[in-house]
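What follows is the residue order along each chain.
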Amino acid sequence: MIYEGDVYRPPSEAQSLIIQLTIGCANNTCTFCGMYKCKQFRVRKLDEVIEDLYWVKRFYPYSFDRVFLADGDALIVKTSDLLTILDKIYEIFPHTKRVTIYGTAKDVLRKSHEELCQLREHGLEMVYIGAESGSDKVLRDVDKRVTAAETIEACHKLKAAGIKVSMTLITGLGGRADSREHAIESAKLVSATKPEYLGLLTLNLEPDAPLTKDYMAGKFEILSPFGYLEEQKLFLENVDSEGTVLRSNHVSNYVSLSGILNRDKERMIAQLDAAIQSGRIRPERYRRL
Ligand code: SF4
């Protein structure tokens, strides 16, 4: 099995077998994202994907218990093919405990409740949704091509089918101009959806991302490192999402947070305050996408 191009996965899938169902991202418009800009999107042939699974079984003597389906929005694959792949995964790797996937809100909304229930029954446990922001202005500015209302509807649809949601937000995505709106609207989005997991990333301008060109041209003003922490504080002060597991252990962050909402809000806010006061944050050279 040969991966095509760079392969990205959530931090929590570090030990998972990663299978590319698609190459690239069907959307590929987001101005902050350079992950798939050099890939032409396509859905891989089912036979090729199944061959990958047999290849892994042949050459890796141990069995994987977690499988992650990539690339950027693999949930776009038609449901009948996803069901075939899920069945094959559990057949070839009988110790599989969970299968997860990247998907956009629009991918979810294109599927019926019955299709999502079928996916759950065949072992799809969780969808990673990059919501990025709860502000429609910010989402428009970064050309995300989804609204907060669509993300809310998609999360509710997944929950109704018994599929867990892991959502990500990007601190600083509104720049200086929209920092406050981004924090408060994102808190509203999370409060309205109450995802099982929430990952906070911090904006890290990538060389291939159009937003980087805007920044270089002076059209987009980024926050200072402590501005990002203030924004995360504002988000935490406004969010109400009982039971959501929050992590900001991604290497793009200046401070790693870990806790359960709402129980650990005050502790995490105090952790951000301590970092702001002491100046002890992850050095810039260690931050990555
Ligand atoms: S952020 Fe997600 S949807 Fe947007 S271009 Fe990147 S992978 Fe595609």
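Structural data are supplied above this passage.
Residue numbering note: each chain is counted from 1, following its sequence as written. Where totals are concerned, whole chains, interfaces and linings use all residues; where local detail is concerned, this predicted model gives features only for residues with pLDDT of at least 70, and gives and counts side-chain atom pairs only at 80 or more. Remark: hydrogens and water are excluded; side-chain values derive from all non-hydrogen atoms of the structure.

> What is the right way to read the sheet that holds strand β7 (residues 164-171) from this model?
Think of a sheet as strands paired side by side through backbone hydrogen bonds, with each pair either parallel or antiparallel. Strand pairing is assigned whenever DSSP identifies at least 2 bridges connecting the two strands. Elements are defined by DSSP. Helices are runs of H or I of four residues or more, strands are runs of E of two residues or more, and each kind is numbered from the N terminus. Read across the open sheet, the eight strands follow the order β1-β4-β5-β6-β7-β8-β9-β10; overall the sheet is mixed. At either margin of the open sheet sits one strand with a lone partner, and together these are β1 (17-20) and β10 (258-260). The average angle at which neighbouring strand axes cross in this sheet is 20 degrees, direction not considered. Across three bridges, strand β9 (residues 245-247) lies against β10 in antiparallel orientation. Bridged to Leu246 within β10 is Gly259. Contacting β6 (124-132), β7 and β8 (197-202), helix α7 (residues 179-193) runs over the sheet at an angle of about 175 degrees to β7. Throughout, a residue-residue contact means that at least one pair of heavy atoms, one from each residue, lies within 4.5 Å. Lines fitted to C-alpha atoms define the axes here, with helix axes fitted over just the stretch in contact, and angles between the N-to-C directions of these axes take values from 0 to 180 degrees. Relative to the sheet, helix α9 (residues 225-238) contacts β7, β8 and β9, its axis offset from that of β8 by approximately 155 degrees.

> Whenever I open this one, unusual backbone geometry confuses me. Can you help?
Cis geometry marks the peptide bond from Ala70 to Asp71; its omega dihedral reads 0 degrees. Within the secondary structure layout, Asp71 lies in the loop between β4 (66-70) and α2 (79-92). Each neighbour pair has its own omega, and for Leu261 with Asn262 the value is -10 degrees, a cis peptide bond. Following the sequence through the fold, Asn262 ends up in the loop between β10 and α10 (265-278). The backbone phi angle of Glu132 is positive, close to 70 degrees, even though this residue is not glycine. Residue placement: Glu132 occurs in strand β6.

Honestly, it's all geometry; don't read function into it.
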